[in-house]
Amino acid sequence: MKIVAKPAGIIRCVYGEWVMNYTYMVRCRDGSLYTGWTTDIEKRVKAHNEGKGAKYTHSRRPVRLAYYEAFETKEEAMKREYAIKHMNKAAKEKLVKENKNRTKTEME
């Protein structure tokens, strides 16, 4: 594997590709929010919409990305996922609302 300069904010190289870890929330068809973590947001949202994601989202398709945060390590992303999952609905909605423009512009 050829080592190249590490892009800012990305911690590890796997099979020649730099990997970032994300905590994300998707908005389900029924208006609920599902929280998870992944290394590839686009691929994960697609999996949720194809019924290959979490059981929770399977019957609530389609879903759309509502929020995400980037982390250098899997452990950080998983800790944040745990914290968000323990927030009440109002706190989750506040996160989504405060970051609405960021998600739209960066993920389109």
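Residues numbered from 1 in each chain as written. Predicted model: local features only at pLDDT ≥ 70, side-chain atom pairs only at ≥ 80, totals over all residues. Heavy atoms only, no water.

Q: Would you take a moment to explain the nonpolar core for this structure?
A: Among soluble globular proteins, nonpolar side chains are generally buried collectively. One finds Met20, Tyr22, Tyr24, Val26, Cys28, Tyr34, Ile41, Val45, Ala54, Val63 and Tyr68 forming the largest nonpolar core, which totals eleven residues. The set of elements that each furnish at least two residues to this core consists of β3 (21-27) and α1 (41-49). With three residues, the single largest contributor to this core is β3. Non-local contacts of Val45, meaning those with residues more than four positions away in its chain, are made with Val26, Val63 and Leu65. (Core = buried A, V, L, I, M, F, W, Y, C linked by side-chain atoms within 4.5 Å. Buried < 20%, exposed > 50% of the residue type's maximum accessible area, 1.4 Å probe, protein only. Helix = DSSP H or I, 4+ residues; strand = E, 2+ residues; numbered from the N terminus. Contact = heavy atoms within 4.5 Å.)

Q: Just checking my understanding: could you explain the packing of aromatic side chains for this structure?
A: For any pair of aromatic rings, the description consists of the separation of the ring centres together with the inter-plane angle of the planes. Overall, the coordinates contain three aromatic pairs when judged by the stated rule. Between Tyr24 and Tyr34, the aromatic rings sit 6.5 Å apart at their centres with planes inclined by 55 degrees, giving tilted as the arrangement. Within this pair, whereas Tyr24 is found in strand β3, its partner Tyr34 is found in strand β4 (residues 33-38), the two being separated by ten residues in sequence. Per residue, the accessibility class of Tyr24 equals that of Tyr34, and both read buried. For the pair Tyr34 and Tyr56, a centre-to-centre distance of 6.1 Å together with 20 degrees between the ring planes defines the contact as stacked. Separated by 22 residues along the polypeptide, Tyr34 in strand β4 and Tyr56 in helix α2 (residues 55-58) bring together distant segments of the chain. Accessibility expressed as a relative area gives 32% for Tyr56, which makes it partly exposed. Among the aromatic side chains, those forming a connected cluster through ring pairs are Tyr24, Tyr34 and Tyr56. It is Arg60 that lies over the ring of Tyr56; its NZ or CZ is 3.8 Å from the centre. (Phe/Tyr/Trp six-rings, centres within 6.5 Å; stacked < 30°, edge-to-face > 60°. Lys NZ or Arg CZ within 6 Å of the ring centre and 35° of its normal.)

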